Amino acid sequence: SAVVFPKIIATEQQSLMLVKRLLAVAVSCITYLRGIFPESSYGTRYLDDVCVKILREDKNCPGSTQLVKWYVGSSTQVLSVLRGSLLVVYTHPEDPQTVTECYHFKFKYTHKGPLLDFSSKDKECDSTISCADTKKASVLLIRKIYVLMQNLSPLPNDVCLTMKLLYYDEVTPPDYQPPGFKEAEYEGLLFNEEPMYLNVGEVPTPFHTLKLKITTEKQRMENGDKTILQQGVTAGPLQVGTEELEE
């Protein structure tokens, strides 16, 4: 019934598990608050004292099942070559490059980044980051997502989702393709309307840092509460994915 924080993050595997859980919570909150899937596609959990909705496989909603599989598949790559994932919302099925909203999850390694030897079992970590720091940052990130989603104008009624992955080229085999993905034919993403870029926040562990950036159409933010931008949600650039889903 709860998304449990570990009492200690002493190993890379413990850090990875926390990152996966936090990623699942964040994606679930975003899709729930943006009304992308029906209520039946979510279960209720608690992150500290925050009640959250967690996306689950729903036989009556194939889209939610597919998204769960995308993120389960992609998150297994966090410790190897993945540097980010983009959850892209678009409105025209024949034109997935023209988007209306984009959620960019960026993964960084606090131990020498992509140049480290991934086969090493004794990797350095940032021991100055405590579990209390990670827990506080995690809860704050989810609360910021809730505040921001509630201040954005609604998405169009009919939207499509796709997912793109970004890799650290230095450690990624040239022909590497995770299951369910293919090399992207087009690297750019376009917006019909003027976009606004928002840095929502980041969560550090002794081994990883998870960051979330959101890009949406500026007009969708104009009717919202501008004070949320003074609460840690700031402007920033959008990066573009190099892997996309197979049809």
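Calculation notes
Residues numbered from 1 in each chain as written. Predicted model: local features only at pLDDT ≥ 70, side-chain atom pairs only at ≥ 80, totals over all residues. Heavy atoms only, no water. Salt bridge = Lys/Arg side-chain N within 4 Å of Asp/Glu carboxyl O. Helix = DSSP H or I, 4+ residues; strand = E, 2+ residues; numbered from the N terminus. Buried < 20%, exposed > 50% of the residue type's maximum accessible area, 1.4 Å probe, protein only. Axes fitted to C-alpha atoms, helices over the stretch in contact; angles between N-to-C directions. Parallel < 35°, antiparallel > 145°, perpendicular 65-115°, else oblique. Left-handed = near helix turned anticlockwise from the far one by under 90°. Contact = heavy atoms within 4.5 Å. Nonpolar A, V, L, I, M, F, W, Y, C, P; charged D, E, K, R; others polar. pLDDT = per-residue confidence, 0-100.

Trainee: Help me understand the pattern of salt bridges in this model?
Mentor: Opposite charge on two side chains permits them to pair, given that their charged atoms come into close proximity. In total, this model carries six salt bridges according to the counting rule given. Between Arg220 and Glu101 there is a salt bridge whose closest N-O contact spans 3.2 Å. Taken together, the residues Arg220 in helix H4 (residues 218-222) and Glu101 in strand S4 (residues 98-109) connect sequence positions 119 residues apart. Look at Arg220 and you get buried, because its relative accessible area is 6%. Across the pair Lys211 and Glu202 runs a salt bridge, and its minimum N-O distance is 3.7 Å. Residues joined by salt bridges that share partners form a network here, namely Arg34, Glu101, Glu217 and Arg220.

Trainee: Would you explain the packing of helix H1 (residues 12-33) against helix H3 (residues 131-151) in this entry?
Mentor: Helix packing for two helices is described by the angle between their axes and how far apart those axes are. Where H1 meets H3, the axes come as close as 9 Å, and the angle between the chain directions of the two elements is 15 degrees. In terms of axis orientation, H1 runs roughly parallel to H3. Crossing angle aside, the handedness with which H1 passes H3 is right-handed. When H1 is examined against H3, the residues Leu18, Leu22, Val25, Ala26, Cys29, Ile30 and Leu33 are found in contact with a partner set consisting of Thr134, Ser138, Leu141, Ile142, Ile145, Tyr146, Met149 and Gln150. Here the contact of H1 with H3 is composed, by residue class, of 12 nonpolar, three polar and no charged.

Trainee: Could you clarify how one ought to interpret the confidence of the model for the chain in this entry?
Mentor: Detailed reading of the predicted model is not advised wherever pLDDT is low. Residues with a pLDDT of 70 or more make up 77% of the chain, whose mean pLDDT is 78. Confidence over residues 112-123 falls short of pLDDT 50; this stretch has 16 contacts with residues more than four positions distant or in other chains. For residues 230-247, every residue scores under 50 in pLDDT, and the model assigns this stretch 71 contacts once sequence neighbours within four places are set aside.

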